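Chain by chain, the residues:
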Amino acid sequence: MTETEFEAYVQDGGQVEAGDPMPEAYRKALVKFIEMHGNSELMGVLPEREWILRAPTLQRKLALTSKVQDEVGHAQLIYRVVEDLGKPREACLEDLVAGKTKFHNVFHYPTKTWGDVGVIAWLVDAAAIISQKALLKCSYAPYARIMKKICWEESFHILHGRDVILTMMNGTEEQRELVQEALARWWGPLMQFHGNPIPAEDDAMYRWRIKSQANEEARQQFLDGYVPQIWELGLTVPDPKLRQGKDGIWEYSEPDWEELKWVVTGHGPETERRLGFRRTSRAETAWVRRAVLANAA
Amino acid sequence: MIYEVFRQEREGQPFQHGGSLEAPNPTFAEAYAREFYARRGESFSLWIVPRDAVMEVREPYVADVFDRDYRRVDGYSLKMKLKEARGRAGTPHTR
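Residues numbered from 1 in each chain as written. Chains lettered and ligands numbered in written order. Predicted model: local features only at pLDDT ≥ 70, side-chain atom pairs only at ≥ 80, totals over all residues.

Novice: How should the overall build of chain A be read in this particular structure?
Specialist: Helices and strands together make up the secondary structure of chain A, namely twelve helices and two strands. Shown N-terminal to C-terminal, the secondary structure of chain A runs as helices and strands in the order α-α-α-α-α-α-α-α-α-β-β-α-α-α. What you see for chain A is a C-alpha radius of gyration of 20 Å, in line with the 19 Å of a compact globule of 297 residues. With the C-alpha coordinates aligned to their principal axes, the bounding extent of chain A is approximately 60 × 55 × 30 Å. Counting every position in chain A, which comprises 297 residues, the buried fraction comes to 35%. Within chain A, counting contacts between residues at least 6 apart in sequence, those at least 24 apart form 75% of the total. (Helix = DSSP H or I, 4+ residues; strand = E, 2+ residues; numbered from the N terminus. Rg over C-alpha atoms; globule rule 2.2 N^0.38 Å. Buried ≥ 20, exposed ≤ 12 C-beta atoms within 10 Å, placed from the backbone. Contact = placed C-beta atoms within 7 Å.)

Set out below in structure tokens:
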């Protein structure tokens, strides 16, 4: 199969399994994309982990711990897919802590208050589930299959986040302010989350049907689903230009693409500290892996 | 060692491929599979199979060398025959 034939095959709905012959460029693109997804799941638990010990109730503490466990489990499943494509998990983790590979922009920012924890679980996970649902149709079938489980678990996280937010909105004036401030902090990164609006046909990821949704389509879906839910709580979205046109298309201020680029290339406010934490914990737990693996062999 | 995990959502349903995992031995494979695929009670049962033990057959369909339409529903066109039989018996033409 030539590369052109392969492109036609996947465009036509053809699926690729682990071990199938595939163009080298397709395999490399998959590794890069899926590895970044795995990195994001793993790094994404750190902003939330910081709040486990400070969660307001025992129930919230357990729910948050469970969410962290889910996300680390997603990283495990996703790195497994990358391993079958030729890059071992150890190499993925090495490259991550060395700053050679990327993770999603939203995980480079601090979680200042419990309001941030609610906004992350509700809106960051909502934005993520939109991208992940589109991956259910990915041409690389092993990735598409695990996405089913991942999306299912993300739906619990959104509920958990919305419940946190609703509880705070029904609480004191101070709690409502915490939510409003957190929303203001996260709105910029949320609008950058799905990436700049490149036309789908210029995107190799789309031609190979690794992604089946253009960036702008994902953002519109996010705005469509969640802006009304934000507004109905009496919250203000910090974008004076945000409105839905008569054609249903949302208008908004241009997201800060320079900030997105700067942050994902390792210059976010929390990038270095979180990678440092990952580096330390990896070194500190090395003896556990050695002992367990030696024992199990 | 790589293991493939198949999960059955409810009793009596077919097992479907869930994903794969890497584990140093079957004990770890079981522990990981329970964590990955059964933590919320979403699986009734799991099959955990070493990847090497899975025998795969590609394009398993036995080709239509002969006319084998008797194996398919479209191999049986009853409409005209039924019409004729009903006409012969003089029964009302329902459908």
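Moving on from the coordinates now.
Novice: Help me out: how do you make sense of the overall build of chain B in this one?
Specialist: Secondary structure summary: chain B contains two helices and three strands in total. Against the 2.2 N^0.38 benchmark of 12 Å for 95 residues, chain B shows a C-alpha radius of gyration of 24 Å, more extended than a compact globule. C-alpha atoms of chain B, sized along the principal axes, occupy 75 × 35 × 15 Å. By the burial criterion, 14% of the 95 residues in chain B qualify as buried.

Novice: When you look at helix H6 (residues 141-169) of chain A in this model, what are you seeing that I'm missing?
Specialist: One turn of the α-helix equals 3.6 residues, which is why residues spaced by three or four share an orientation. Taking 1.5 Å per residue as the helical rise, H6(A) with its 29 residues ought to reach 42 Å, and the 42 Å between its terminal C-alpha atoms agrees with that figure. The sharpest bend along H6(A) comes to roughly 25 degrees, located at A:Met147. (Expected span 1.5 Å × (residues − 1). Bend = angle between axes of the 7 residues up to and from the residue.)

Novice: What should I look at first to understand the interface of chain B and chain A in this one?
Specialist: In many reports, interface size means the accessible area that the parts give up when they come together. Listed as interface residues are eleven residues of chain B and, on the opposing side, ten residues of chain A. Only strand E2 (16-22) and helix H1 (26-37) of chain B provide two or more residues apiece to the side of chain B that touches chain A. Per-class residue counts for the side of chain B that touches chain A are four nonpolar, five polar and two charged. (Nonpolar A, V, L, I, M, F, W, Y, C, P; charged D, E, K, R; others polar.)

Novice: Explain the sheet that holds strand E1 (residues 2-8) of chain B to me, please; I cannot follow it from the model alone.
Specialist: Note: strands within a sheet are paired through backbone hydrogen bonds, in either parallel or antiparallel orientation. All names here are of chain B. Strand order across the open sheet formed by three strands is E2-E1-E3, with antiparallel pairing between neighbours. The open sheet has two edge strands with one neighbour each: E2 and strand E3 (45-50). Here the average twist between neighbouring strands, direction ignored, is 25 degrees. The pairing of E1 with E2 spans six bridges and is classified as antiparallel. Residue pairing in the sheet places tyrosine 3 in a bridge with leucine 21 of E2. (Pairing = 2+ DSSP bridges. Axes fitted to C-alpha atoms, helices over the stretch in contact; angles between N-to-C directions.)

Novice: I would appreciate a short explanation of the environment of A:Ala18 in the present structure.
Specialist: With respect to the helices and strands, A:Ala18 occurs in the loop between helix H1 (3-11) and helix H2 (24-49). Between the C-alpha atoms of A:Ala18 and A:Val82, which are 64 residues apart in sequence, the distance is 10.0 Å.

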